[in-house]
Structures are given as structure tokens and as C-alpha cells.
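Observations on the model geometry
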Amino acid sequence: MKSTPRREQDVKQLKNRLNRVIGQLNGIVRMLDENRYCGDILTQLAAAESALQAFGYEILKDHIETCVIEEIQHGNTGIVDEAVELIKKLK
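This section reports on the structure supplied with the text. Only a predicted model underlies this, so the values are computations on that prediction, with no experimental measurement involved.

Section: a nonpolar patch on the surface
Nonpolar side chains collect at one region of the surface, where Leu18, Ile22 and Leu52 lie side by side and expose about 230 Å² of accessible area between them. Among the structural elements, Leu52 can be located in helix H2 (residues 38–73).

Given below as C-alpha cells:
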């Protein structure tokens, strides 16, 4: 299994961002339970999607700055293809 070493502070910040997204999703569940207006739910859904995408881009940035650079320095240029595939998944 591959792993990426992260500083404790960085992990804490990433978890905080992810917990905010989870909070937004839980809010959408409550909105459904309350039979809230569809437009309001869609607005909250768009906000959650945007926050989750921003989280993904932050992880991708970390990946490029650490794993990809390290692999290239060790002569593994195939890591670029992996990075491109990961970028495609985030679109």
C-alpha cells in the first residue's frame, strides 16, 4: 500500500475541510426531512460539491508536490500518466 507522509497540522486542516463538507451534506439531509424548497436544496448541494471539489484539488496539489516530484526524481516518469488520470477524475 502506498502512503503519503503528512504533517499532523496538514492532516488536521484537511480533516477540518472534509468535516465541513460532511456538515453541509448532513444539512441537506435535514432539508429533505423538512421538505424544504427544491431550489434551496440545490443551492446547498452546489455549495457542497464545490467544497468537495476544492478538497480534491488540495489533495491533488499535495500529491503533485510530494509523490509525483519524488517519483520523477527517482526516474519514474510513468507517474505523470497516473497524475493525468487523477486530474481527469476530478473534473
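Some words on the environment of His63
Structurally, His63 is set in helix H2. For His63, a relative accessible area of 16% puts it in the buried group. It is 8.0 Å that separates the C-alpha atoms of His63 and Thr4, two residues lying 59 residues apart in sequence. Residues in contact with His63, not counting those within four places in the same chain, are Val68, Glu82 and Leu86.

Examining the packing of H2 against helix H3 (residues 79–90)
When two helices pack together, their arrangement is given by the angle between the helix axes and the distance between those axes. One way to put it is that H2 packs onto H3 with a least axis distance of 10 Å and a crossing angle of 180°. Considered as vectors, H2 and H3 are oriented roughly antiparallel to each other. Here Gln53, Gly56, Tyr57, Leu60, His63, Val68, Glu71 and Ile72 of H2 lie close against H3, whose contacting residues are Ile79, Val80, Glu82, Ala83, Leu86, Ile87 and Leu90. Looking at the contact of H2 with H3, its residues break down into ten nonpolar, three polar and two charged.

Definitions and cut-offs
- Residues numbered from 1 in each chain as written.
- Predicted model: local features only at pLDDT ≥ 70, side-chain atom pairs only at ≥ 80, totals over all residues.
- Heavy atoms only, no water.
- Patch = residues over 30% accessible without salt bridge, like charges linked within 9 Å, V, L, I, M, F, W, Y side chains within 5 Å.
- Areas by Shrake-Rupley, 256 points an atom, 1.4 Å probe, with all protein chains shown as cover.
- Salt bridge = Lys/Arg side-chain N within 4 Å of Asp/Glu carboxyl O.
- Helix = DSSP H or I, 4+ residues; strand = E, 2+ residues; numbered from the N terminus.
- Buried < 20%, exposed > 50% of the residue type's maximum accessible area, 1.4 Å probe, protein only.
- Contact = heavy atoms within 4.5 Å.
- Axes fitted to C-alpha atoms, helices over the stretch in contact; angles between N-to-C directions.
- Parallel < 35°, antiparallel > 145°, perpendicular 65-115°, else oblique.
- Nonpolar A, V, L, I, M, F, W, Y, C, P; charged D, E, K, R; others polar.

Read these as spatial facts, not as claims about activity.
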